[in-house]
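Single-letter residue listing:
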Amino acid sequence: MAINIIRKKSELNRPLVQSGQYTLALLWDACRAGIIDEESVNCTHRDILNLLKDLIMKYTKGESSSVQAETAQRLLESILYAIDARTILFADPAEAVVIIIKHGVNAIYNQGFQLVTASTESSRALYLNLKAHKLGVGTHAYNLTIEGGLAGFFADYDPRFQAQDTVASIDYPLLFDDMSITGIFYIEQYLKKLAMENCFCQLFSTASAAKLLERYGQVYAIDYRETLLNLFEVLLTNAIFAVLAGSKPLELNISPTQFDLLRQRLIDSPLEDCSRLIKAALEALIAAIPRPPIGLSDYMRNFMPILIPGFWSGLQNDTLPNVMIVDLPPIRRTDIIFDRGVRLDDDGFRTLVEQVIDTNSPAGKAVLISASVHSIEDFIDLLEADCLFDDEFEVLYETLGDLELSILARIVFLEDLRLAGTDFFLPNTFIKSLDIEWQTAYIQFLQSLNLERLDSIQNLIHSF
Amino acid sequence: MHLPDIINFTTALQKPLSTDEVLQTNQETQQYGLLLTPGDALEIVAARNRSILDHNRVELGIEAIKKIITAFGPSPYINQADYVSTLNELIDIFYYMKNLTADRIADDELITLMQVFFDNSCRGSLDLLKNREMTMMAKLIRDAGL
């Protein structure tokens, strides 16, 4: 590309746009600022379209000069993603513009593509290492993300034709995720952070981590394996307070005596003192980590703005046992074993949904569902399958016993249970506003029950 | 930059170039008594752009048009009087088939098959080509999972 007019350099800010639009927005900003003329922008667009033309030929292996519009859009986004990957690295946006105009967008694309490829390889290596060193106490989401979601991503990801894609079932939440990133750079940051979190969690024995997590589940009346819990957060929190409670660094256990002493020590302290003590405990913990991976210390320090307000609130409201997990004897459980039941296969489920839709009376629908559904997963899927309307939910709920209703409550009020623990009180939820139709109908139905039944359901909620 | 930008951009900037490319095919087809005027070339490029849009496809360049013109030039069923309208129909069938076969068939292969059917079993009928032979072929390709 010939060097087009670069009349003057002026300050150019980084455009605040989504990924894949950065370079294009930058060029137009440069044009408006008088750094380049409109012809230079058009020329760059023409070069990008030629890149697209070449990519279409590569994509079709030279067998087709045209592709469906969706495919072309995807390929164009892949090109722009790679271009942005390089352009965004320039500290001075104006310099990026000058380089694009001077050397052509093709050179920038090739450099960007190399960055994408390098990130893909480094992410793949990170992933394989993570997979080989999975935590023994992983939740279902953790295991599925590593064994399923990320494996699927690396099987399908193509840095040339879909660099911008982040299509992966990544359910396991990080303590600090950056959802503003897309494509392979998102996957890379996710894996780097997950590797750091794993590294920290592996400082503790599987037995001690499992004991803490089981106890955490008891406090919040949940099975921790079934939740979208960040394991690092739970372990880090207890590890910090264990130091504060007088244990050596890298311990998770906080005994009831330690807890009482710690609470007495801090109960009358101002926030600033508590904050200082917690930060000092964190630094002692960091210092005790042998060969910490780069970034882990800061990653842990970033937790302070979350932990300290949570601790302070717990201290003020006398709910500290919900913030740090104290090693109490296991809570006695009622002997109720929940059988998850046999699920319908896809065809069977589809047929049932059609039958429910075709059934006119609410009572008929309820009978059909009662007779056909034998697992909680199918039951929830059916509630969300747009085959029940208005008062049909209520009629269906009327066919359920207290135990089934308590299972639904544990799903609807999962977060409330997590926060309130054993203090969870069913009538407190009646003011809740929910977006999901079956859940709203469920709360309305609960309000129609007498106190005796509500009490029975509440007891069952706490009993398993 | 989104797809409409691409379409508008290419349409605005590449039309003069495209019509020149279409006119260059005269060098090969004149031996069959088939010639395009600049007006014809414009009409063909416009028809191609409509087909591309109608079939929701993107093509940067007009390679397919040139290949169709070259492949169908020797056909005994094409004459100068209906040359442009036949080409426009063939171009539309071409993009229609690309979608119908979910891009499982290469451009060259598709054009060859269109030409063979057009000259033989269809005896120059565009209707039979599109609605009988090509539709059946697309079904075969889909059923075979090719």
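Residues numbered from 1 in each chain as written. Chains lettered and ligands numbered in written order. Predicted model: local features only at pLDDT ≥ 70, side-chain atom pairs only at ≥ 80, totals over all residues. Heavy atoms only, no water.

Colleague: Could you give an account of the overall build of chain B, naming the residues involved and the relevant values?
Modeller: Each helix and strand counted, chain B has seven helices and one strand in total. What you see in chain B, going N to C, is helices and strands ordered as α-α-α-β-α-α-α-α. The buried share of chain B, taken over its 146 residues, is 47%. In chain B, once contacts between residues fewer than 6 apart in sequence are set aside, the share between residues at least 24 apart is 66%. (Helix = DSSP H or I, 4+ residues; strand = E, 2+ residues; numbered from the N terminus. Buried < 20%, exposed > 50% of the residue type's maximum accessible area, 1.4 Å probe, protein only. Contact = heavy atoms within 4.5 Å.)

Colleague: Lay out the nonpolar core in plain terms, naming residues and giving numbers.
Modeller: Residues and elements named next belong to chain A. Ranked by internal contacts, the top residues of the largest apolar core, which has 112 residues, are Phe200, Leu235 and Met300. When residues of this core are assigned to their parent elements, the largest contribution, 11 residues, is made by helix 9 (residues 231–244). Ignoring sequence-local partners within four residues, the contact set of leucine 235 consists of Phe200, Cys201, Phe204, Ala209, Leu212, Leu213 and Leu252. With 38 residues, the next largest nonpolar core counts Leu388, Tyr442, Leu446 and Leu449 among its residues. (Core = buried A, V, L, I, M, F, W, Y, C linked by side-chain atoms within 4.5 Å.)

Colleague: For a nonpolar patch on the surface, give the residues involved together with the corresponding values.
Modeller: A contiguous nonpolar patch, built from Ile88, Leu89 and Leu115 of chain A and spanning about 250 Å² of accessible area, is present on the exposed surface. Looking at where leucine 115 of chain A falls in the secondary structure, it is placed in helix 5 (residues 105–132). (Patch = residues over 30% accessible without salt bridge, like charges linked within 9 Å, V, L, I, M, F, W, Y side chains within 5 Å. Areas by Shrake-Rupley, 256 points an atom, 1.4 Å probe, with all protein chains shown as cover. Salt bridge = Lys/Arg side-chain N within 4 Å of Asp/Glu carboxyl O.)

Colleague: Give a detailed account of the packing of aromatic side chains, specifying residues and quantitative values.
Modeller: For the coordinates displayed, the defined rule picks out 21 aromatic pairs over all chains. When the ring of tyrosine 216 of chain A is compared with that of tyrosine 220 of chain A, the centres are 4.7 Å apart and the planes differ by 50 degrees; the resulting orientation is tilted. Accessibility assignment for this pair places tyrosine 216 of chain A and tyrosine 220 of chain A in one class, buried. Ring centres 5.3 Å apart and planes at 25 degrees place the aromatic pair phenylalanine 241 of chain A and phenylalanine 311 of chain A in the stacked group. With phenylalanine 241 of chain A in helix 9 and phenylalanine 311 of chain A in helix 13 (residues 304–316), this pair connects stretches of sequence that are 70 residues apart. With respect to burial, phenylalanine 241 of chain A and phenylalanine 311 of chain A carry one shared label: buried. The ring centre of tyrosine 96 of chain B lies 4.6 Å from the NZ or CZ of lysine 130 of chain B, which sits over that ring. (Phe/Tyr/Trp six-rings, centres within 6.5 Å; stacked < 30°, edge-to-face > 60°. Lys NZ or Arg CZ within 6 Å of the ring centre and 35° of its normal.)

Colleague: Got a sec to walk through the interface of chain A and chain B? Specific residues and values, please.
Modeller: In this complex, chain A contributes 20 residues to the contact, which on the side of chain B involves 22 residues. Here chain A packs against chain B, burying approximately 2000 Å² in sum over the two surfaces, 56% of which is carbon and sulfur. On the chain A side of the interface with chain B, the three residues burying the most area are Leu49, Ser65 and Gln68 of chain A, jointly 26% of the side's total. Applying the counting rule to chain A against chain B returns one salt bridge. (Buried area = accessible area lost by both parts, 1.4 Å probe.)

Colleague: Could you give an account of the confidence of the model for chain A, naming the residues involved and the relevant values?
Modeller: All names here are of chain A. Averaged over chain A, the pLDDT score is 88; the fraction of residues at 70 or greater is 93%. Here helix 19 (residues 414–420) stands out as the least confident element of chain A, with mean pLDDT 72; helix 12 (residues 296–301) is the most confident, with 97. Between residues 333–337, whose pLDDT stays under 50, and residues either more than four places distant or in other chains, the model counts eight contacts. (pLDDT = per-residue confidence, 0-100.)

Colleague: If you had to explain the confidence of the model for chain B to someone new, which residues and values would you point to?
Modeller: Per-residue confidence for chain B gives a mean pLDDT of 89; residues scoring 70 or more make up 87%. As scored by the predictor, the complex reaches a pTM of 0.73 and an ipTM of 0.87.

Colleague: Describe the environment of isoleucine 69 of chain B, listing the residues and the values that go with them.
Modeller: Residue and element names in this part refer to chain B. Counting through the fold element by element, isoleucine 69 comes out in helix 4 (residues 63–72). Residue classification places isoleucine 69 among the buried positions, given a relative accessible area of 1%. With 34 residues separating them in the primary sequence, isoleucine 69 and aspartate 103 have C-alpha atoms 21 Å apart.

Colleague: Can you break down helix 16 (residues 376–383) of chain A residue by residue, with the values?
Modeller: In terms of residue burial, helix 16 of chain A counts as a mostly covered element, since six of its eight residues are buried. Its side-chain oxygen placed 3.1 Å from the backbone nitrogen of aspartate 378 of chain A, serine 375 of chain A serves as the N-cap of helix 16 of chain A. (Polar contact = N/O pair within 3.5 Å; in protein donor to acceptor, adjacent residues only side chain to side chain.)

Colleague: Break down the packing of helix 6 (residues 140–156) of chain A against helix 7 (residues 183–201) of chain A for me, with residues and values.
Modeller: Residues and elements named next belong to chain A. Closest axis-to-axis distance for the helix 6/helix 7 pair is 13 Å, and the angle between their directions is 150 degrees. Between helix 6 and helix 7, the angle falls in the class roughly antiparallel. Like other packed secondary-structure pairs, helix 6 and helix 7 cross with a definite hand, here left-handed. Contacts between helix 6 and helix 7 involve Tyr142, Thr145, Ile146, Leu150, Phe153 and Phe154 on the former and, on the latter, Ile184, Ile187, Tyr190, Leu191, Leu194 and Asn198. Class assignment of the residues belonging to the contact of helix 6 with helix 7 gives a composition of 10 nonpolar, two polar and no charged. (Axes fitted to C-alpha atoms, helices over the stretch in contact; angles between N-to-C directions. Parallel < 35°, antiparallel > 145°, perpendicular 65-115°, else oblique. Left-handed = near helix turned anticlockwise from the far one by under 90°. Nonpolar A, V, L, I, M, F, W, Y, C, P; charged D, E, K, R; others polar.)

Colleague: Residues and numbers for helix 4 of chain B, please.
Modeller: Taken together, the buried positions of helix 4 of chain B are occupied by Ala64, Ile65, Ile68, Ile69 and Phe72 of chain B. Looking straight down helix 4 of chain B, one finds that the buried residues subtend no more than 135 degrees of arc, so they occupy a single side. (Arc of directions from axis to C-beta.)

Colleague: Describe the pattern of salt bridges, listing the residues and the values that go with them.
Modeller: Residues and elements named next belong to chain A. One pass over the structure, following the stated rule, counts 22 salt bridges over all chains. Put simply, arginine 32 and aspartate 29 hold a salt bridge, and the shortest N to O gap is 2.8 Å. In this pair, arginine 32 and aspartate 29 are both assigned in helix 1 (residues 22–32), three residues apart and thus about one turn of the helix distant. Taking relative accessible area as the criterion, aspartate 29 reaches 24% and is therefore assigned partly exposed. A salt bridge links aspartate 223 to arginine 225, with the nearest nitrogen and oxygen atoms 2.9 Å apart. One salt-bridge network, held together by shared partners, links Glu214, Asp223 and Arg225.

Colleague: Explain the packing of helix 14 (residues 346–358) of chain A against helix 16 of chain A to me, and be specific about the residues and the numbers.
Modeller: All names here are of chain A. It is the contact of helix 14 with helix 16, at a shortest axis distance of 11 Å, that shows an interaxial angle of 45 degrees. When the axis of helix 14 is compared with that of helix 16, the two are oblique. Where helix 14 crosses over helix 16, the handedness of that crossing is right-handed. Here Phe349, Leu352 and Val353 of helix 14 lie close against helix 16, whose contacting residues are Asp378, Asp381 and Leu382. Partitioned by chemical class, the residues of the contact of helix 14 with helix 16 number four nonpolar, no polar and two charged.

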